[in-house]
Amino acid sequence: MKYTESRYGPWALVTGANSGIGAAFAENLASQGYNIAVVGRRADAVQAKADHLAEVYSVDTQTVVVDPSAPDFLTQLIEQTKSLEIGLLVSNAGDDAMGALLRVELPELKRMLRLNTQTHLELIHHFGRLFEQRGSGGILIVSSTAGLQGTPFVGNYAGTKSYLLNIGMALNYEMRGTGVDVTVVLPGPTKTPGLIEKPAIPLHSLPAPKMSPEAVAKIGLRALAKNKPFVIAGVLNRMVANMGVLLGKVRARNLWGAVMKGIVPTKLRLR
Ligand SMILES: NC(=O)c1ccc[n+]([C@@H]2O[C@H](COP(=O)([O-])OP(=O)(O)OC[C@H]3O[C@@H](n4cnc5c(N)ncnc54)[C@H](OP(=O)(O)O)[C@@H]3O)[C@@H](O)[C@H]2O)c1
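Regarding the overall build of the protein
Then, number 1: Secondary structure summary: the protein contains ten helices and seven strands in total.
Then, number 2: Its C-alpha atoms give the protein a radius of gyration of 18 Å, within 12% of the compact-globule value 18 Å for 271 residues.
Then, number 3: Projecting the C-alpha coordinates of the protein onto the three principal axes gives extents of approximately 55 × 40 × 30 Å.
Then, number 4: Relative to its full complement of 271 residues, the protein shows a buried share of 44%.
Then, number 5: Put simply, 69% of the contacts in the protein that link residues at least 6 apart link residues at least 24 apart.

A look at helix α6 (residues 155–174)
Then, number 1: Between its first and last C-alpha, α6 extends 29 Å over 20 residues, near the 28 Å set by a 1.5 Å rise per residue.
Then, number 2: Burial in α6 covers these residues: Tyr157, Ala158, Thr160, Lys161, Leu164, Leu165, Gly168 and Asn172. Along the long axis of α6, the arc covered by the buried residues comes to 165°, so they all point the same way. For α6, the exposed residues lying more than 90 degrees away from the buried face are Ala170 and Tyr173.

Focus on the site of the ligand
Then, number 1: In the neighbourhood of the ligand, 27 residues make up the surrounding shell, with Gly16, Gly20, Arg41, Gly94 and Gly194 lying closest.
Then, number 2: Broken down by secondary-structure element, the contributors of at least two residues to the shell around the ligand are α2 (20–31) and α7 (193–196).
Then, number 3: Here the shell around the ligand is built from residues that sort into ten nonpolar, 13 polar and four charged.

A look at the environment of Met175
Then, number 1: Its place among the elements puts Met175 in the loop between α6 and β6 (180–186).
Then, number 2: For Met175 and Phe127, which are 48 residues apart along the polypeptide, the C-alpha to C-alpha distance reads 13 Å.
Then, number 3: Among residues more than four places away in sequence, those in contact with Met175 are Val180 and Val182.

So, how was this worked out
- Residues numbered from 1 in each chain as written.
- Predicted model: local features only at pLDDT ≥ 70, side-chain atom pairs only at ≥ 80, totals over all residues.
- Helix = DSSP H or I, 4+ residues; strand = E, 2+ residues; numbered from the N terminus.
- Rg over C-alpha atoms; globule rule 2.2 N^0.38 Å.
- Buried ≥ 20, exposed ≤ 12 C-beta atoms within 10 Å, placed from the backbone.
- Contact = placed C-beta atoms within 7 Å.
- Expected span 1.5 Å × (residues − 1).
- Arc of directions from axis to C-beta.
- Near = placed C-beta within 6 Å.
- Nonpolar A, V, L, I, M, F, W, Y, C, P; charged D, E, K, R; others polar.

Now the structure itself:
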């Protein structure tokens with residue numbers, strides 16, 4: 001089903017495209033005929049994903065090996081993609097340093113803050129201007145349902161995901177009439193290496209069903225095609241989010257605090 005290809009042009013750029021949700025976006029877009037710029041830190045994984053997409057979907061691919069959390073990330077990315085007509089940005093790469101805020105080292109928290117906010121800002125600003133000039137384009141920003149409240153033990157992460165939701169919502173409004181679609185997608189727990197293989201907190205044992213990354217990518221791209229300001233991935237995640245609204249911010253935080261406390265190791269708590 002080619003619902004985005006004709007709208008946004010020949011190339012899609014996906015950050016964190018070699019794993020999890022980013023890989024699912026890359027796969028979905030390649031299956032629609034998009035050429036894919038595969039962005040990630042690990043050269044071997046990036047190359048493997050690019051080769052796979054080219055072979056399975058007969059599309060062109062470009063490897064972009066950069067660390068999205070590095071300060072000169074945007075300059076490097078622009079240099080490596082300047083010959084491509086990118087029409088769709090999937091700003092996905094993200095991570096977390098988990099545990100009670102005071103149990104995580106400050107440099108690590110700052111690195112996550114940069115990766116989950118400033119990197120997205122730089123990408124959105126750069127490609128947003130290009131797309132505005134061209135009069136067409138799509139920007140998909142990957143946030144999280146954790147950003148809907150001050151989620152304990154992932155407070156820094158929750159703050160960054162809230163930032164993404166708000167910046168994306170504002171941009172969607174500001175870009176009305178420019179031909180550029182902007183959507184923020186909020187996944188809940190999703191079966192990815194990022195969730196399953198986290199060493200610090202066993203997030204996979206959260207008492208909640210986990211969605212597939214493919215389902216999240218499909219929902220995100222459908223919402224983008226309709227230029228929805230945001231979409232919460234999955235009926236259950238929407239129900240939980242609505243319950244949070246009904247409970248109010250403090251009680252929703254308390255509920256998530258109790259859930260997280262059940263899985264956070266003692267050494268990552270204050271008491
Ligand atoms: N999985 C979930 O339950 C869930 C829920 C809500 C939101 N999300 C969001 O969805 C996005 C993708 O997450 P995922 O679960 O698919 O994660 P993942 O499987 O770990 O994949 C993340 C991708 O981003 C890159 N990346 C990871 N850590 C990085 C770091 N510290 N610095 C720079 N690049 C890094 C990785 O590529 P390289 O290692 O090659 O750079 C990888 O391709 C993130 O923004 C995450 O916050 C995930």
